[in-house]
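# Observations on the model geometry
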Amino acid sequence: MAQLLVLLNANAGTLLDRDAEEVRRHIADALDGGGRTVEVRLLRGKELVKAIRASGSGEHDTVIVGGGDGSVSLAVQSLEGSGKTLGILPLGTLNLLATDLGMPRDLDAALAALSDAQVGEIDLATLNGRRFHTISGMGFFSQMARARETARRWKLWRFFAVAIAAVFALRRSGRFDLDVTVDGTDHHFQAFAALASINRFTGPGWRRRRLDEGVLELHVAEDRGGLALLKAGADMVTDNWRDNPGIISLTGREIVLRRANRARVWVSTDGELGREEMPLTYRIVPRGLKVLIPPAAEGESAVVEATEAATTHAEALQSGSIS
């Protein structure tokens, strides 16, 4: 971590609440020293997108992105094949990957964690050839992302926005026939949702204990009637979904999803909503990204295995602009 390029999303919620230029200087001072050179850039909109896309080239060996999952997703794609290391300052709303890595949400604590971080390797996956870092879902999950974005524009309190989004998503999410192929084995479901995760959810709050298992896990919520659907939705929120017989989980290295008479479907991937061509083909990319992994906090086990592996080797949902 000798040459650092730090790209900050000026529209990230954390920066909107503070003097962004003052935060930029503070970050530069905090990361400077120890033989490192630091360049911190405060950008927004197209300029941010352009800078992240260009971050795979240049003399810097580490790219630190300050923003949300949209910014991180773009960085993951842009750093492919570069050999550079990605660091994350969780300044967005969900911060899925940052949470699983154990990054603190407090800015100063996150900067301290990055200063003491080790370089490790974690798994990625591809959806139809494009890399992502945590989750990708369709059906209820993609509708939830669409509905939540609508609710957010009403500027309601977050709790009510998410509750309204859930109601809208349930109304929009109809039953669909889903053909699934996992490592060559075929399955068929009548479902209202499917969610693919990189490695398995094993911790509370839909968290992953291992980031380098080298597997994908597919979670299918079957349609077993209205009451069962509501219970499945509640179990997803309360972390009781593993015991719900209507939620089926399958593990493999390549997963293909097909829906009859559908050429394209809405898919929410790492919080970004888009239309994807069918079939949806997911493939694991073992240890596909070098990342900065902070020291494990006392009592924190969510990324212990990944952090230990790093020493020898390492949640929805919004659409629209980069976060």
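The structure presented is a predicted model; accordingly, all values stated were derived computationally and were not measured. (Residues numbered from 1 in each chain as written. Predicted model: local features only at pLDDT ≥ 70, side-chain atom pairs only at ≥ 80, totals over all residues. Heavy atoms only, no water.)

### Regarding the overall build of the protein chain
Looking only at helices and strands, the protein chain features ten helices and 15 strands. Residue burial in the protein chain is summarised as follows: out of 323 residues, 53% are buried. Carbon and sulfur atoms form 48% of the exposed surface of the protein chain, whose accessible area is close to 14,500 Å². (Helix = DSSP H or I, 4+ residues; strand = E, 2+ residues; numbered from the N terminus. Buried < 20%, exposed > 50% of the residue type's maximum accessible area, 1.4 Å probe, protein only. Areas by Shrake-Rupley, 256 points an atom, 1.4 Å probe, with all protein chains shown as cover.)

### Some thoughts on the pattern of salt bridges
In total, this model carries nine salt bridges according to the counting rule given. The residue glutamate 276 makes a salt bridge to arginine 130 at a minimum N-O spacing of 2.4 Å. Placement of the pair is glutamate 276 in strand S14 (residues 272-277) and arginine 130 in strand S6 (residues 130-132), with a sequence separation of 146 residues. The exposure class of arginine 130 is partly exposed, given its relative accessible area of 35%. Across the pair arginine 200 and glutamate 213 runs a salt bridge, and its minimum N-O distance is 2.4 Å. Of the two residues, arginine 200 is situated in the loop between strand S9 (185-198) and strand S10 (216-222) and glutamate 213 in the loop between S9 and S10; the sequence distance between them amounts to 13 residues. Three or more residues joined by partner-sharing salt bridges are found here, namely Glu21, Arg24 and Arg25. (Salt bridge = Lys/Arg side-chain N within 4 Å of Asp/Glu carboxyl O.)

### Side note on unusual backbone geometry
With an omega dihedral of -5°, the bond running from methionine 278 to proline 279 counts as a cis peptide bond. Counting through the fold element by element, proline 279 comes out in the loop between S14 and strand S15 (280-293). Phi at asparagine 261 is positive, roughly 60°, even though this residue is not glycine. Mapping asparagine 261 onto the fold places it in the loop between strand S12 (254-258) and strand S13 (264-269).

### Description of the pairing of S14
Where S13 lies against S14, six bridges are found, and the strand directions are antiparallel. Bridging from a neighbouring strand, valine 265 pairs with glutamate 276 of S14. Linkage of S13 to S14, two consecutive antiparallel strands, is achieved through a turn of two residues, within which aspartate 270 is found at a positive phi near 50°. (Pairing = 2+ DSSP bridges.)

### Observations regarding the packing of helix H2 (residues 20-31) against helix H6 (residues 107-115)
Between H2 and H6, the least distance of the axes is 10 Å, while the angle of their chain directions is 30°. In terms of their interaxial angle, H2 and H6 are classed as roughly parallel. For the crossing formed where H2 meets H6, the hand is right-handed. Between H2 and H6, the contacting residues are Val23, His26, Ile27, Ala30 and Leu31 on the first element and Leu107, Asp108, Leu111, Leu114 and Ser115 on the second. A per-class count over the contact of H2 with H6 returns seven nonpolar, two polar and one charged. (Axes fitted to C-alpha atoms, helices over the stretch in contact; angles between N-to-C directions. Parallel < 35°, antiparallel > 145°, perpendicular 65-115°, else oblique. Left-handed = near helix turned anticlockwise from the far one by under 90°. Contact = heavy atoms within 4.5 Å. Nonpolar A, V, L, I, M, F, W, Y, C, P; charged D, E, K, R; others polar.)

### Description of the side chain of arginine 207
Within the secondary structure, arginine 207 is located in the loop between S9 and S10. In this structure the side chain of arginine 207 is engaged in a polar contact, spanning 2.6 Å, whose partner is the backbone oxygen of threonine 99. (Polar contact = N/O pair within 3.5 Å; in protein donor to acceptor, adjacent residues only side chain to side chain.)

### Focus: the packing of helix H3 (residues 45-53) against helix H4 (residues 69-78)
In the contact formed by H3 and H4, the axes pass within 8 Å of each other and the chain directions differ by 35°. Residues Leu48, Val49, Ile52 and Arg53 of H3 touch H4, and the partners they reach there are Ser71, Leu74, Ala75 and Ser78. Partitioned by chemical class, the residues of the contact of H3 with H4 number five nonpolar, two polar and one charged.

### Some thoughts on the packing of aromatic side chains
In this description, an aromatic ring pair is defined by two values, namely the gap between the centres and the angle between the planes. Across all of its chains, the model carries one aromatic pair by this definition. It is arginine 259 that lies over the ring of phenylalanine 176; its NZ or CZ is 4.0 Å from the centre. (Phe/Tyr/Trp six-rings, centres within 6.5 Å; stacked < 30°, edge-to-face > 60°. Lys NZ or Arg CZ within 6 Å of the ring centre and 35° of its normal.)

### Re the pairing of S9
Sheet analysis places strand S7 (residues 135-139) next to S9, joined by five bridges and oriented antiparallel. Across the sheet, the residue bridging to glycine 137 is leucine 195, located in S9. Where strand S8 (residues 176-182) folds back on S9, the antiparallel hairpin that results is connected by two residues, among which aspartate 183 adopts a positive phi of roughly 50°. Bridge analysis of S9 against S10 gives seven bridges, and the strand direction is antiparallel. Bridge assignment links alanine 191 to a residue of S10, and that residue is glutamate 222.

### Quick notes on H4
With nine of its ten residues buried, H4 lies for the most part within the structure. Of the positions making up H4, those classed as buried are Asp69, Gly70, Ser71, Val72, Ser73, Leu74, Ala75, Val76 and Ser78.

### What to know about the environment of alanine 30
Looking at the element boundaries, alanine 30 is found in helix H2. Residues alanine 30 and leucine 111 lie 81 residues apart in sequence; the distance between their C-alpha atoms is 6.7 Å. If sequence neighbours within four positions are ignored, alanine 30 has contacts with Leu111 and Ser115.

Function cannot be inferred from these measures alone, as they are strictly geometric.
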